[in-house]
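Topology and contacts: notes
For reference, the chains in residue letters:
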Amino acid sequence: MSDAIRPNSTRAAILIPFAIVTVIWGSTWLVIRDQLNIVPPSWSVTYRFLTAGIAMLIWALIKRERFDFGARGWGFAAALGTGQFVLNFNFVYRAEQHITSGLVAVVFALLLVPNAAFGRIFLGQRLGRQLILGSGVAIAGVVLLFINEARNAPHGSGAPIIGIALTCCAVLAASSANVMQATELARRYPMIATLAAAMLIGAGLDAIWAWATVGPPVFEWRAGYIAGVLYLGLAGSALAFPLYFTVIRAIGPAKAAYSSVTVPVIAMLLSTVFEGYRWSPLAIGGGLLAAVGLVIALTARRPAR
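Okay, so let's go over this structure. Residue indices begin from 1 for each chain and proceed along its sequence in written order. Since the coordinates come from a predicted model, pLDDT governs what is reported: local features require at least 70, and pairs of side-chain atoms require 80 or more to be given and counted, while whole-chain, interface and lining totals use all residues. Computation of side-chain values: all heavy atoms of the structure, hydrogens and water removed.

1. Quick notes on the environment of glycine 285
Rules: Starting at the N terminus, helices and strands are each numbered in turn, a helix being any DSSP run of H or I of at least four residues and a strand any DSSP run of E of at least two. Type-normalised accessible area, obtained with a 1.4 Å probe on protein chains alone, sets the label of each residue: buried when under 20%, exposed when over 50%, and partly exposed for intermediate values.
Counting through the fold element by element, glycine 285 comes out in helix α13 (residues 281–298). Classification of glycine 285 by relative accessible area gives partly exposed; the value is 30%. Taking the C-alpha atoms as reference, glycine 285 lies 10.0 Å from asparagine 148; in sequence the two are 137 residues apart.

2. Some words on the packing of helix α2 (residues 41–62) against helix α3 (residues 70–95)
Helix packing geometry: the angle between the two helix axes and the distance between the axes. Defined as follows: Interaxial angles span 0 to 180 degrees and are taken between N-to-C directions of axes, which are lines fitted to C-alpha atoms, for helices over the stretch in contact. An angle below 35 degrees is treated as roughly parallel, one above 145 as roughly antiparallel, one from 65 to 115 as roughly perpendicular, and anything else as oblique. Two helices crossing with the near one rotated counterclockwise from the far one by less than a right angle form a left-handed crossing, whereas a clockwise rotation gives a right-handed crossing. Note on contacts: a residue pair is in contact if any heavy atoms of the two residues lie within 4.5 Å.
Where α2 contacts α3, the two axes come as close as 9 Å, and the packing angle between them is 130 degrees. Accordingly, the angle class assigned to the pair α2 and α3 is oblique. Between α2 and α3 lies a crossing of right-handed hand. Taken together, the residues of α3 that come into contact with α2 (itself represented by Pro41, Ser42, Ser44, Val45, Arg48 and Phe49) are Phe85, Phe89, Asn90, Tyr93 and Arg94.

3. Focus on unusual backbone geometry
With a phi angle near 60 degrees, arginine 64 is a residue other than glycine that sits in the positive phi range. When you line up the elements, arginine 64 lands in the loop between α2 and α3.

4. Brief notes about the packing of aromatic side chains
As a reminder of what qualifies: Only centres within 6.5 Å qualify two rings of Phe, Tyr or Trp (six-membered ring in Trp) as a pair; their planes then separate them into stacked at under 30 degrees, edge-to-face at over 60, and tilted for everything else.
Inspection of every chain in the model, using the stated rule, returns 18 aromatic pairs. For the ring pair phenylalanine 49 and phenylalanine 85, a centre distance of 4.9 Å and an interplane angle of 45 degrees mean the geometry is tilted. Linking phenylalanine 49 in helix α2 with phenylalanine 85 in helix α3, this pair joins segments that are 36 residues apart in sequence. Of the two residues examined, phenylalanine 49 and phenylalanine 85, each falls in the buried class. Pairwise contacts between aromatic rings join Trp25, Phe49, Phe85, Phe89, Phe241, Tyr244 and Phe245 into one cluster.

5. Considering the pattern of salt bridges
Definition in use: The rule for a salt bridge is simple: a side-chain nitrogen of Lys or Arg has to be within 4 Å of a carboxyl oxygen of Asp or Glu.
Counted by the stated rule, this structure contains four salt bridges. Close ionic contact of glutamate 184 with arginine 187 constitutes a salt bridge, the shortest N to O distance being 3.8 Å. Here arginine 187 and glutamate 184 lie together in helix α8 (residues 184–187), a separation of three residues that amounts to about one turn. Notably, a salt bridge pairs arginine 222 with glutamate 220, separated by 2.6 Å at the nearest N-O pair. By relative accessible area, which is 9% here, glutamate 220 ends up buried. One salt-bridge network, held together by shared partners, links Asp34, Glu220 and Arg222.

6. Quick word on the state of the cysteines
Worth spelling out the cut-off: Two cysteine sulfur atoms form a disulfide, by the criterion used here, when they sit within 2.5 Å.
For the structure shown, the criterion picks out zero disulfides. Unpaired in terms of disulfides, cysteine 168 finds its nearest cysteine sulfur in cysteine 169, a separation of 7.2 Å. By relative accessible area, which is 36% here, cysteine 168 ends up partly exposed. For cysteine 169, a relative accessible area of 34% puts it in the partly exposed group.

7. Focus: helix α5 (residues 112–123)
Given 3.6 residues per turn, any residue in an α-helix points the same way as the ones three and four places further on. For α5, the complete set of buried residues consists of Leu112, Pro114, Asn115, Ala116 and Gly119. Glycine 124 sits one or two residues past α5 and shows a positive phi near 75 degrees.

Everything listed is a geometric property; what it means functionally is a separate question.
Spelled out as C-alpha cells, the structure:
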C-alpha cells in the first residue's frame, strides 16, 4: 500500500510514537503505586507535573516556541491543565489506594468509550457499529473484574467500588482533555509551549489543592521515590504526552485511545509480578472480555469517521 492511500493510523510516524507511549504508560501505573507510601497523593501529583512542566518549558525555549497565546490561548492551556493534569491524576493516584495498579489500568482502558462519544458530540465524528459493539463487550469485562475485586477486597467491600469510581472519574477528565487536543483551537497554538503552560498551571493548582486538603508539602527523600518522580515527570509526562497528543491530532481521540488495549496487559503483568495480584477464573474472564471488546473496536475499519 503506497503512502498516498495508506490511512494515517498505519504510518510509521503514528505507529512509533503510539508504541512508545503504550510501553511507557503500561509501566507508570506500578510506579504510581510506589508513590503512595508517605507522601499524600496530591503532593506526588504536584511534584510530577512541576518536573514535567519545567522540562517542557526548557524544551519549548530550545525550540523557540512562543508563549504569546492571548487570553483565549491561556484559557485553553488552563482548561487542559485542569482536566488532564489536575483532575485526571488526582483521581488516578487516589484510586490506587483502593485497588491494584493493574485493575486501575484495565478500567482506564475504557477511555476509548468517552473519547469516541465526546468525539461524536463535539467533533462530529460518527461512531461505527463495531466500535459500539466492542465497547459494550469491554464494559461487560470490567463489570466482571469489579465483581471479582468486590469478592476479594482486602480493605473491605467498599474499596473496589471507591477505586473503580475514582478511576471512572479520571477517565472522564482525561477524555475531555483528549478531545480538546483534537479541536481546531488546539492547532492554533504550538504543542510544546501549550503543554508546558498546561503542566505548570496544573502543578500550581495541584499544589493549592494539596495544601488546602492535606497541609504543607511532604517529600520522601528515598531514592526510589525520587526516581519515580523523575520517571513519571520526564518519561511518563514530558515525553509521553506530546507524543500522544500528536497522535490524537493526526488520527482523532477515538483511535488514539486504542493504546489502552495494550497498556492494561503490561500493567496487569507488572502488578502480578510486583504486587502479587492473583488471577481468579472470574478475573481472567473479565480481563479477557475487556481485551476482546477493545480489540473488536480496534479492528473496526471505520470506528469514527
